[in-house]
Amino acid sequence: MTRLILNRLLFGLITLFAVSVVVFLATQTLPGDAARAILGREATPERLDAMREQLHLYDPLVVQYGKWLAGVATLDFGQSFAAGLPVGEYLAPRVSNSLWLMGFAAIIATPVALALGAYSALRRDKGTDHATSMGTLILASLPEFAVGIVLILVFSTGWLRLFPPVFGGGAGAVWQYPDQLVLPVLTLALAVSPPIVRMMRASMIEVLESEYVQQARLKGLPERTVIWRHAAPNAIGPVAQVIALQLAWLAGGVVAIEYLFRFPGIGLALMDAITTRDLPVIQAVVLLIAGVYIVVNLLADIVGLAANPKVRVSAR
């Protein structure tokens, strides 16, 4: 099993390297001049030439990529063109804000989705089960920003003016403004929940029909004990990988949500950086999102390998 984990780790590093190449080349093809974006339209040709020299824009692409990658390896992502700050210093509070947003969404979505999937399995082929299947199918078919717009229309306009449509923020941390967090957190939770609900339902049905659960019932154990002690723990195992993948999706999913609600996280920073052609910030944010996605997928693979007895036995 250790060999399989090391293979997954090596594959993750290769993927991250490939992503870094794609990110660097993609940002180089963006229209506009980085030097002019920094100095403005009134800059003289001499100042533009000096700035391009300072940014190493006259170097071959391979040399530019090597210098950028060397900086990334030491967590030096360069200087933000728009903010005039080191990228790490500029992004640090925004990364913290996004982590709060993703954390709240994960804490709410995961247990609710597991409970709903298990309840739907227990009520199989009944009204509750059909309503849950239909609801999760609708949510899964909608893009997350569409879900956010519907929530804004319902809870922020018309008769229900319960929550602000955008994040106004303030001097404190984002978690100090719970009313402004409700809609973005709820949107993310609704976006990640459907696959977990559907997978938990399918896994729970399979476990409930297994021989050991039937035997537990024949022994006369209370139904509550059969479900929560024997069925639910075994049903959650296969769902763990789906949960991990959905949490990995959050790293990229926050971009559209933060832009929609003007939430001050890495997603909004990325959209602002694209507008101002702030290449160091674009490269850092995209690489960060890709890194989180790869790491969480790696953890999901490890959980999946650990939960699969066939793999454990064959790896010995």
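The following paragraphs examine the structure supplied in this document. Every chain begins its residue count from 1, and numbering advances along the sequence as written. A pLDDT threshold of at least 70 governs which residues receive local features in this predicted model, and a stricter bar of 80 or more applies before side-chain atom pairs are shown or counted, although totals over entire chains, interfaces and linings include all residues. Computation of side-chain values: all heavy atoms of the structure, hydrogens and water removed.

### Looking at the overall build of the protein chain
Phase 1 of the analysis: Helix and strand assignments come from DSSP, with helices taken as H or I runs of at least 4 residues and strands as E runs of at least 2, each series counted from the N terminus. Scanning the protein chain from terminus to terminus reveals 13 helices and 0 strands.
Phase 2 of the analysis: Going residue by residue from the N terminus, the α and β elements of the protein chain occur as α-α-α-α-α-α-α-α-α-α-α-α-α.
Phase 3 of the analysis: For the protein chain, the spread of C-alpha atoms along the principal axes amounts to about 85 × 60 × 30 Å.
Phase 4 of the analysis: Partly exposed describes any residue whose relative accessible area lies between the buried limit of under 20% and the exposed limit of over 50%, with all areas from a 1.4 Å probe on protein chains only and scaled to the type maximum. Counting the 316 residues in the protein chain, one finds 37% classified as buried.
Phase 5 of the analysis: What makes two residues a contact is simply this: any of their non-hydrogen atoms within 4.5 Å. Summarising the internal contacts of the protein chain: among those between residues at least 6 apart in sequence, 71% fall at separations of at least 24.
Phase 6 of the analysis: Here the open area of atoms and residues is found with the Shrake-Rupley method and a 1.4 Å probe, where only the protein chains shown may cover a residue. If you sum the accessible surface of the protein chain, you get close to 17400 Å²; carbon and sulfur atoms cover 67% of it.
Phase 7 of the analysis: Only four residue types enter the charge count: Lys and Arg as positive, Asp and Glu as negative, with His and the chain ends excluded. Note on charges: their place is set at NZ of Lys, CZ of Arg, CG of Asp or CD of Glu. Separation between the mean location of the 23 positive side-chain charges and that of the 20 negative ones in the protein chain comes to 12 Å.

### So, the packing of helix α1 (residues 2-28) against helix α4 (residues 61-73)
Phase 1 of the analysis: To get an axis, fit a line to the C-alpha atoms, keeping to the stretch in contact for a helix; angles then go from 0 to 180 degrees between the N-to-C directions. Direction vectors running N to C along α1 and α4 enclose 125°, while the axes themselves pass 11 Å from each other. The angle between α1 and α4 places the two elements in the oblique class. Once α1 is placed against α4, the crossing between them reads as right-handed. On α4, the residues touching Phe-17, Ser-20, Val-21, Phe-24, Leu-25 and Gln-28 of α1 are Leu-61, Gln-64, Tyr-65, Trp-68 and Leu-69.
Phase 2 of the analysis: Across the contact of α1 with α4, the residue classes break down as 8 nonpolar, 3 polar and no charged. For classification, angles of less than 35 degrees are called roughly parallel, those exceeding 145 degrees roughly antiparallel, those between 65 and 115 degrees roughly perpendicular, and all remaining angles oblique. Note on convention: the crossing is left-handed when the near helix lies turned anticlockwise from the far helix by less than a right angle, right-handed when the turn is clockwise. Polar here means any residue other than Ala, Val, Leu, Ile, Met, Phe, Trp, Tyr, Cys and Pro, which are nonpolar, and Asp, Glu, Lys and Arg, which are charged; Gly is therefore polar.

### Here's the deal with the nonpolar core
Phase 1 of the analysis: To form a nonpolar core, buried Ala, Val, Leu, Ile, Met, Phe, Trp, Tyr and Cys residues must be joined to one another through side-chain atoms within 4.5 Å. Counting 39 residues, the largest nonpolar core has Leu-91, Leu-101, Leu-188, Val-281 and Val-285 as its most contacted members.
Phase 2 of the analysis: When residues of this core are traced back to their parent elements, those giving at least two are α5 (87-122), α7 (144-155), α8 (178-208), α10 (223-261), α11 (266-276) and α12 (279-307).
Phase 3 of the analysis: The leading source of residues in this core is α5, at 8 residues.
Phase 4 of the analysis: Excluding its chain neighbours within four sequence positions, the residues that come into contact with Leu-101 are Leu-181, Pro-184, Val-185, Leu-188, Val-254, Glu-258 and Phe-263.
Phase 5 of the analysis: Grouped together as the second largest cluster of nonpolar side chains are 21 residues, Ala-113, Leu-114, Ala-118 and Ala-235 included.

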